[in-house]
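Structure assessment
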Amino acid sequence: MCGIVGYAGSESAAKVVYDGLKKLEYRGYDSAGIAVMNFGRIEVIKSVGRVEKLEKYAHILEGNVAIGHTRWATHGKPSTANAHPHSAGGITIVHNGIIENYAELKQKLVSEGEIFLSETDSEVIVRLIAKFYEGNLLNAVIKCAELLKGSYALLAICEGKNEIVAARYRSPVIIGLGDGCNFCASDEPALAGKCKHVCVLEDGDFAVLTADEVKICDSLGKEIKRQVWLNTAEPAALSLGGYPHFMIKELWEAPSTVKNTVSAFRQREEQIKDALSGVDKIILTGCGTAYHAALVGKRYFEELAGVEATVEYAGELRYNTPIISGHIVLIAVTQSGETADTVEAARLFKNLGAKVFAVTNSLHSEITRIADVVVPVAAGSEICVAATKSYSGQVSALYLLALQLSEKEVAKELLTELYGAPDLISQTLQDIDVYALAEMCARASGVYFLGRGIDYAVALEGSLKLKEISYLAGGGYPASELKHGTLALIDNKTLSAFIITDPDLAAKSANAVEQTISRGGMVAVITSLPEVQSQFAHRAEVVKLPECGKYLSPFASAAALQYLAYRTAVTLNRDPDKPRNLAKSVTVE
């Protein structure tokens, strides 16, 4: 879940790497560091906190080869000693991933006289490479990798050599191919505007980068080729464009995400349709916001297409003993395409013979190499840690998948409805008033989101967003479960927010609202139904959504709750883009 960047060329390497780390800070911001090859010697700077603390040093360090790291702590608290890069015996490395057998490796090295300076698992790597180094850095990295269990995206440099050696196993490494320079990074945004072409290392690959060339090889040192693509990362997508935060900017990009996702889907429609032929059961999986999108997708598959669908957290599904029978499809939903639990769940099902679909915003990611079919989410770069526009894209993709299994006339009508989703989101964000509700959230001792049916799926997303960026305690519940325990939490300091968009379930949900009001709890109602708005006017805080059909309602209600979370975080003076303890891409367990 850390960000790594490497550069070899003719420019100031520290400046280039610093710029790349700034673009990857959503992957971790506990600490950061840069190592530069300066006339054959390695100089290291690192600091606890945000990448910006390195700026003044990055502008004075000389040298044309450098590696850098922005950290989300796993082993060892955030500290200068635990910050990357780590060095030993003239070798310096940065590492993203987790070394599962580091304790036994460390014990052996300590018994041999090694003295460790940090609490990290990553320091084991650099000390092993230094131990194996006999003049060839690539060979030393390969020998080290043979001993490692877990995951790693690794960059290494050695004093006296103007090269970077990269290694990858179940953690992403992207190579940027420039003119008189070359790059490597853990994610594409770091390469925006830097090079015309990129390629992605696969598990077990190693690469040697200099200013003039990139050589990729296997564990035997045999040179191999990997597919090269145009670099599609856009610098403009990484700027705030006049917005105060990336979160609000990306919320406003949700309408174009839906449009672009529909367009991208249509280009692959025939392949997707053929792959879905004969399916009789669908399992959807994901983590966090992707899991919530999958819950909405379940409703689409069952109610629009009449196909049985279940949803499971990827972290649980990967350790289950699944029974694969009939024509089962696993749909793995992941924004980054690198989410460890989701990737491993997909790998498990693929190995068991199930067909795997990947719904992802990253078309060159690990999940796309496992999946039989890739369903694109065309959200572009999403910088804010809390997902917003990617959720809208995922829901759009799942809606379109369900239509492939629906009756032809029904599908045609529902597709026309989906074309209205971008305007629905725009209208929601333009007209909605959540300022008073944000103030209520900010002073509440707990905030609970409740809904029925498709509204329950959105309630979970609303709760997650509020917790992620405002740090307020709470949860998401089915409104039907209120009487089965949740009412015990209600008092005049708690806020219950009810999402009501389904006219068939509105009366049932309204009963739960009444029960909460009668017990003195603060209550908000977020609804698209005029009759519900009238029922609770002056008795609860009513947030009006645009009128829309049941199946389009998540586009409006989720956008409203994501915006509510944003306003609450700003009210509490929290940074909505970089919430504490969280990182964007969860590439470790």
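Everything below is about the structure shown above.
Here the residue numbering is sequential within each chain, running from 1 through the sequence in written order. Totals for whole chains, interfaces and linings use every residue, but because this is a predicted model, local features are given only for residues with pLDDT of at least 70 and side-chain atom pairs only at 80 or more, for both listing and counting. Excluding hydrogens and water, the side-chain figures rest on all heavy atoms present in the structure.

1. As for the overall build of the chain
We count a stretch as a helix when DSSP gives it H or I for four or more residues in a row; a strand needs E for two or more, and each element gets its number in order from the N terminus. The number of helices and strands found in the chain is 20 helices and 25 strands. In terms of overall dimensions, the chain has C-alpha extents of about 75 × 50 × 45 Å along its principal axes. A simple rule labels every residue: compare its accessible area, found with a 1.4 Å probe on the protein chains alone, to the largest value its type can have, and call it buried under 20%, exposed over 50%, or partly exposed in between. Residues classed as buried in the chain amount to 60% of the 589 residues present. Residue contacts are counted whenever heavy atoms from the two residues lie within 4.5 Å of one another. Considering only intrachain contacts with a sequence separation of at least 6, the fraction spanning at least 24 residues in the chain is 72%. Computed by Shrake-Rupley with a 1.4 Å probe, the accessible areas treat only the displayed protein chains as cover when residues are assessed. For the chain, the exposed area adds up to about 22600 Å²; of that, 47% sits on carbon and sulfur atoms. The charge count includes Lys and Arg as positive and Asp and Glu as negative, but it does not include His or the ends of the chains. Lys charges are placed at NZ, Arg charges at CZ, Asp charges at CG and Glu charges at CD. Between the mean site of the 58 positive side-chain charges and the mean site of the 69 negative ones, the chain shows a separation of 3 Å.

2. A look at the sheet that holds strand β6 (residues 91-96)
Two pairing modes exist for strands in a sheet, parallel and antiparallel, and in both the strands are linked by backbone hydrogen bonds. Pairing between two strands requires that DSSP report at least two bridges joining them. Spatial ordering of the open sheet is given by β5-β6-β7-β8-β12-β13-β14, a layout of seven strands whose pairing is antiparallel. Edge positions in the sheet fall to β5 (86-88) and β14 (223-224), since each of these pairs with one other strand and no more. Across three bridges, the pairing between β5 and β6 is antiparallel. Bridged to Ala88 within β6 is Ile91. Against the sheet, helix α4 (residues 122-132) touches β5, β6 and β7 (152-158), its axis set at about 145° to β6. Note on definitions: angles span 0 to 180 degrees between N-to-C directions of axes, and those axes are lines fitted to C-alpha atoms, for helices only across the stretch in contact.

3. Here's the deal with the pattern of salt bridges
Each salt bridge in this description consists of a side-chain nitrogen of Lys or Arg and a carboxyl oxygen of Asp or Glu lying within 4 Å of one another. Counted by the stated rule, this structure contains 29 salt bridges. Put simply, Lys249 and Glu253 hold a salt bridge, and the shortest N to O gap is 2.8 Å. One salt bridge connects Arg539 with Glu514, and the closest N-O pair in it is separated by 2.7 Å. With Arg539 in the loop between α19 (530-536) and β25 (541-544) and Glu514 in helix α18 (residues 506-518), this pair connects stretches of sequence that are 25 residues apart. Note on Arg539: relative accessible area 41%, which makes it partly exposed. Here the salt bridges share partners, and the residues they tie into one network are Arg168, Arg170, Asp203, Glu344, Arg347, Glu366 and Arg369.

4. A closer look at the packing of aromatic side chains
Two aromatic rings are characterised by how far apart their centres lie and by the angle between their planes. Any pair of Phe, Tyr and Trp rings, taking the six-membered ring for Trp, is counted once the centres come within 6.5 Å. Such a pair is stacked with planes under 30 degrees apart, edge-to-face with planes over 60 apart, and tilted for the rest. Enumeration according to the criterion identifies seven aromatic pairs in this entry. Consider the rings of Tyr291 and Tyr313, whose centres lie 3.7 Å apart with planes at 15°: the pair is stacked. Taken as a pair, Tyr291 in helix α9 (residues 289-304) and Tyr313 in strand β17 (residues 308-313) lie far apart in primary sequence, 22 residues in all. Under the relative-accessibility criterion, Tyr313 is labelled partly exposed at 42%. Arranged with centres 6.2 Å apart and planes meeting at 65°, the rings of Tyr300 and Tyr551 form a pair that is edge-to-face. Here the residue Tyr300 occupies a position in helix α9, and Tyr551 occupies one in the loop between β25 and α20 (553-571), the gap between them amounting to 251 residues. Considered together, Tyr300 and Tyr551 belong to a single accessibility category, that of buried residues. An aromatic cluster of at least three residues, connected via ring pairs, comprises Tyr300, Tyr399 and Tyr551. Placement of a positive charge over a ring is assigned whenever Lys NZ or Arg CZ falls within 6 Å of the ring centre and within 35 degrees of the normal to the ring plane. A cation sits over an aromatic face here: Lys106 above Phe116, 5.0 Å from the ring centre. Residue placement shows Arg580 over the ring face of Tyr471; its charged tip is 4.0 Å from the ring centre.

5. Some words on the nonpolar core
Nonpolar cores are built from buried Ala, Val, Leu, Ile, Met, Phe, Trp, Tyr and Cys residues. Side-chain atoms within 4.5 Å join them into one set. In terms of nonpolar packing, the biggest core is built from 124 residues, with Ile34, Tyr300, Ile331, Phe357, Leu401 and Phe555 touching the most fellow members. The biggest single contributor to this core is α20, with eleven residues. Setting aside its immediate chain neighbours within four residues, Phe357 contacts Ile272, Ala275, Leu276, Val329, Leu330, Ile331, Ala332, Ala371, Val373, Val375 and Leu401. In this structure, Ile99, Val141, Cys144 and Phe206 belong to the second largest nonpolar core, which totals 29 residues.

6. Considering helix α7 (residues 254-267)
Expected span, for any helix, means 1.5 Å times one less than how many residues it has. Here α7 spans 20 Å end to end across 14 residues, near enough to the 20 Å set by a 1.5 Å rise per residue. Listed as buried for α7 are Ala254, Pro255, Thr257, Val258, Thr261, Val262, Ala264 and Phe265.

7. Looking at the packing of helix α15 (residues 421-431) against α20
A pair of packed helices is captured by two measures, namely the crossing angle of their axes and the spacing between those axes. Running from N to C, α15 and α20 point in directions that differ by 35°, and their axes come no closer than 9 Å. Considering the relative orientation of α15 and α20, their crossing is right-handed. Here α15 contributes Ala421, Leu424, Ile425, Thr428 and Leu429 to the contact with α20, which in turn contributes Phe555, Ala556, Ala559, Ala560 and Tyr563. Amino acid classes used here: Ala, Val, Leu, Ile, Met, Phe, Trp, Tyr, Cys and Pro are nonpolar; Asp, Glu, Lys and Arg are charged; the rest, including Gly, are polar. By residue class, the composition of the contact of α15 with α20 is nine nonpolar, one polar and no charged. Each crossing gets its handedness from the near helix: less than a right angle anticlockwise from the far helix is left-handed, clockwise is right-handed.

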